[in-house]
2 protein chains.
Amino acid sequence: MTEEKKESALTFFVISDSAGETASKLAQATMAQYPSVKFEMFRRTFVTTKSALLKTLADAKKHNAVILHTLINEELIDLTHDFCEESGLYHFDVLTPPVAEVERRTGVAPTREPGALHHLNKNYFKRIKAMEFAVKYDDGKDPRGFLEADVVLLGVSRTSKTPLSLFLANKNLKVANLPLVPQAHIPKQLWEIDPKKIVGLTNDPDVLNGIRKKRMIAYGLNPDTAYSDIEKIKEELDFANDLYHKLGCEIINVATLSIEETASIILNKLNLEDHSYYVTDED
Amino acid sequence: MTEEKKESALTFFVISDSAGETASKLAQATMAQYPSVKFEMFRRTFVTTKSALLKTLADAKKHNAVILHTLINEELIDLTHDFCEESGLYHFDVLTPPVAEVERRTGVAPTREPGALHHLNKNYFKRIKAMEFAVKYDDGKDPRGFLEADVVLLGVSRTSKTPLSLFLANKNLKVANLPLVPQAHIPKQLWEIDPKKIVGLTNDPDVLNGIRKKRMIAYGLNPDTAYSDIEKIKEELDFANDLYHKLGCEIINVATLSIEETASIILNKLNLEDHSYYVTDED
């Protein structure tokens, strides 16, 4: 067996006839497994013609790239396969296996329409509305949003309320959030809604202290202000926890959680995990 | 050959030791190929133990589900494989092929750490900051945001400025947007920044007319207001196009584009497509 020359840097080519979200996520998940390897990633999206595909494949060959694709047109899939086999390029067809399995079980042929994921269906508009809702009712801007929301997030400063709201909005949920400070006025609407819709976010005092000190330094300010004072932080957290118990809502400590993990916990706790929010529907 | 009984409804089980984003996107892309088939989708996320996995697999078996997984722990991968083979369940291991290819080429072993995608790395915090930026500088709230932004979006009402800003924020780009109305004050900061950062969004008058009429009806108002008046809309679009030409910025007509398509065009036009924004880095 000959020893192959090992590479310390690799290039991914994500090729898609649509926005390339699936294959990009897969490339990122793969790259994350190799913190010591240097990666480059090129996205070639909305590739729907043979000429565009050939140009992309020639480019991938120049980079000796690892190719992940989600093409659906059979001619383009075959072209990719043949080109890669001839050139000795690795290519992983991500979409064909599950599509073939559904065809086998249902006897229905796939539409093979590129970009079907992003068709302007009802689900798509629902998601856009959810995003607009999240921005409109971010940061307690308008307490009337609480009445319409699927989820209401409460939390002290730096518990990731805004990105969490947007992440959940991307799952078609209408999310409003309210920052909590001890002297804050608590809008009456909060007592009018089902506490099962409310999530109280909390954090460890030490974690908050560290984050806030860094933030002050980033602003060019003295890190030891009331904002980062540990006693003040504890007061804030006590006030928040007290309110959460009065409301009877779910409480999540985000200290060691990423946005994705917190969102997943919220979907579980609020029984939204298996909701058809995830299902593409055209009706 | 015996005729198999064909099914008209199918269940997907997405199993992941992390947030399950990759396999969920793949399930959605697959389902979109079959508009006539009824699908259900269950996400089982943060599955990191054998007992949790066995419970999930038993559940999937009850649904005779199509399983897509992105597990990275070898014991869990093997368990899934063995369980599915014994039960005759279809399972597609999405992550192993590209991970194996990188190992082959680099000689480096994957960390096999679950959820590595969402580690709290620099990239992750950059994305959170980008999301907060998009919300802060949405809707022309503060023109100082234009000076700091990677992309500035201009557009008349209903050209998808907000969801587009959030979608680009998800790619770690700092995006500010400004709604344009003929009588609007144009902030001076817009003339101070590189026009290569600015994108002017426009739309077809008929499309806007239709959208706005629907919006008025949804609000319970008369659809034939100045807001939906075709002549007024043309005036607004002329004003916007005139400004775009004066600024010398890129112009995109979003009439037939989804958010993902518009975002992809922006990344291409602004030469951000291949930027390392996409690459996970730990440094």
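Residues numbered from 1 in each chain as written. Chains lettered and ligands numbered in written order. Predicted model: local features only at pLDDT ≥ 70, side-chain atom pairs only at ≥ 80, totals over all residues. Heavy atoms only, no water.

**Section: the sheet that holds strand β6 (residues 175–179) of chain A**
Residue and element names in this part refer to chain A. Ordered by their spatial adjacency, four strands build an open sheet running β6-β5-β7-β8, and the pairing between neighbours is parallel. Here the strands that pair on one side only, and so sit at the sheet edges, are β6 and β8 (250–253). Between one strand and the next, the sheet's axes are offset by a mean angle of 25°, whatever the strand orientation. Of the strand pairs in this sheet, strand β7 (residues 198–202) and β8 are connected by four bridges, and their pairing is parallel. When the bridges of β8 are listed, Val 199 appears paired with Glu 250. Sheet strands in contact with helix α10 (residues 230–247) are β5 (151–155), β7 and β8, and its direction is about 160° off that of β7. (Pairing = 2+ DSSP bridges. Helix = DSSP H or I, 4+ residues; strand = E, 2+ residues; numbered from the N terminus. Axes fitted to C-alpha atoms, helices over the stretch in contact; angles between N-to-C directions. Contact = heavy atoms within 4.5 Å.)

**Description of the relation of the copies chain B and chain A**
Once chain B is rotated about the relating axis by 180° and shifted along it by 0.0 Å, it coincides with chain A to within an RMSD of 0.1 Å. With respect to symmetry, the two chain copies, as superposed, fit the operation of a two-fold axis. Interface overlap between copies: 100% of the residues of chain B at the interface are likewise at the interface in chain A, consistent with a symmetric, same-surface contact. (Least-squares fit on C-alpha atoms with pLDDT ≥ 70 in both.)

**Remarks on the nonpolar core**
Ranked by internal contacts, the top residues of the largest apolar core, which has 42 residues, are Phe12(A), Phe39(A), Leu68(A), Phe12(B), Phe39(B) and Leu68(B). Residues in contact with Leu68(B), not counting those within four places in the same chain, are Pro98(A), Phe12(B), Phe13(B), Val14(B), Ile15(B), Ala23(B), Leu26(B), Ala27(B) and Phe92(B). (Core = buried A, V, L, I, M, F, W, Y, C linked by side-chain atoms within 4.5 Å. Buried < 20%, exposed > 50% of the residue type's maximum accessible area, 1.4 Å probe, protein only.)

**Overview of the pairing of strand β2 (residues 38–44) of chain A**
Residue and element names in this part refer to chain A. Among the seven residues that make up β2, five are buried, leaving the element largely enclosed by the rest of the structure. Note: strand β1 (residues 9–15) against β2, seven bridges, orientation parallel. When the bridges of β2 are listed, Val 14 appears paired with Arg 43.

**Focus on the sheet that holds strand β4 (residues 91–93) of chain B**
The sheet built from four strands is open, its strands ordered β2-β1-β3-β4 (chain B) with parallel pairing. Looking at which strands have only one partner, the edges of the open sheet turn out to be β2 (38–44) and β4 of chain B. On average, each strand axis in the sheet is inclined to that of its neighbour by 20°, with strand direction left out of account. When strand β3 (residues 66–69) of chain B meets β4(B), the two strands line up parallel, connected through three bridges. Looking at the pairing, Ile67(B) lines up with His91(B) of β4(B). The sheet contacts of helix α4 (residues 96–106) of chain A involve β1 (9–15), β2, β3 and β4 of chain B, and relative to β1(B) the element is tilted by about 150°. Docked against the sheet, helix α1 (residues 21–31) of chain B engages β1, β2, β3 and β4 of chain B, running at close to 180° with respect to β2(B).

**Thoughts on the environment of Phe42(B)**
Residues and elements named next belong to chain B. Mapping Phe 42 onto the fold places it in strand β2. Judged by relative accessible area, Phe 42 falls into the buried class, the value being 10%. Each C-alpha atom of the pair Phe 42 and Ile 15 lies 8.5 Å from the other, and the pair is 27 residues apart in sequence.

**Quick look at the packing of helix α1 (residues 21–31) of chain A against α1(B)**
Contact pair α1(A) / α1(B): the axes reach a minimum separation of 9 Å and the direction vectors enclose 160°. It follows that α1(A) is roughly antiparallel to α1(B) by the angle criterion. Handedness of the crossing formed by α1(A) with α1(B): left-handed. Between α1(A) and α1(B), the residues in contact are Glu21(A), Thr22(A), Lys25(A), Leu26(A) and Ala29(A) and Glu21(B), Thr22(B), Lys25(B), Leu26(B) and Ala29(B), respectively. Its residues placed into classes, the contact of α1(A) with α1(B) shows four nonpolar, two polar and four charged. (Parallel < 35°, antiparallel > 145°, perpendicular 65-115°, else oblique. Left-handed = near helix turned anticlockwise from the far one by under 90°. Nonpolar A, V, L, I, M, F, W, Y, C, P; charged D, E, K, R; others polar.)

**Comments concerning the interface of chain B and chain A**
In this complex, chain B contributes 84 residues to the contact, which on the side of chain A involves 84 residues. Carbon and sulfur atoms supply 61% of the area that chain B and chain A bury against each other, a total of about 7,800 Å² over both sides. Linking Glu132(A) and Arg158(B) is a salt bridge whose minimum nitrogen-to-oxygen distance equals 3.2 Å. Joining chain B to chain A, the criterion identifies 26 residue pairs in polar contact (both at pLDDT 80 or more). Mapped onto the side of chain B that touches chain A, the elements with two or more residues apiece are β1, α1, β2, β3, α4 (96–106), α5 (122–136), α7 (161–169) and α11 (259–269) of chain B. Here the residues of the side of chain B that touches chain A are counted per class, giving 42 nonpolar, 16 polar and 26 charged. (Buried area = accessible area lost by both parts, 1.4 Å probe. Salt bridge = Lys/Arg side-chain N within 4 Å of Asp/Glu carboxyl O. Polar contact = N/O pair within 3.5 Å; in protein donor to acceptor, adjacent residues only side chain to side chain.)

**Quick look at the environment of Ala23(A)**
Residue and element names in this part refer to chain A. Mapping Ala 23 onto the fold places it in helix α1. In this structure Ala 23 comes out as buried when scored by relative accessible area, which is 0%. Along the primary structure Ala 23 and Leu 178 are separated by 155 residues, whereas in three dimensions their C-alpha atoms are 35 Å apart. Discounting chain neighbours no more than four positions away, the residues touching Ala 23 are Val 14, Leu 68 and Thr 70.

**A word on the pattern of salt bridges**
Pairs can form between side chains of opposite charge once their charged atoms are near each other. Per the counting criterion, the structure on display carries 24 salt bridges over all chains. The closest approach of N and O atoms between Glu75(A) and Lys50(A), which form a salt bridge, is 3.4 Å. Taken as a pair, Glu75(A) in helix α3 (residues 74–87) and Lys50(A) in helix α2 (residues 50–62) lie far apart in primary sequence, 25 residues in all. Classification of Glu75(A) by relative accessible area gives partly exposed; the value is 47%. When its relative accessible area of 42% is taken as the criterion, Lys50(A) is described as partly exposed. The closest approach of N and O atoms between Glu260(A) and Arg127(B), which form a salt bridge, is 2.9 Å. Of this pair, Glu260(A) sits in helix α11 (residues 259–269) while Arg127(B) sits in helix α5, placing the two residues on different chains. The same class applies to Glu260(A) as to Arg127(B), namely buried.

Fair warning: the whole summary comes from geometry, so function is off the table for now.
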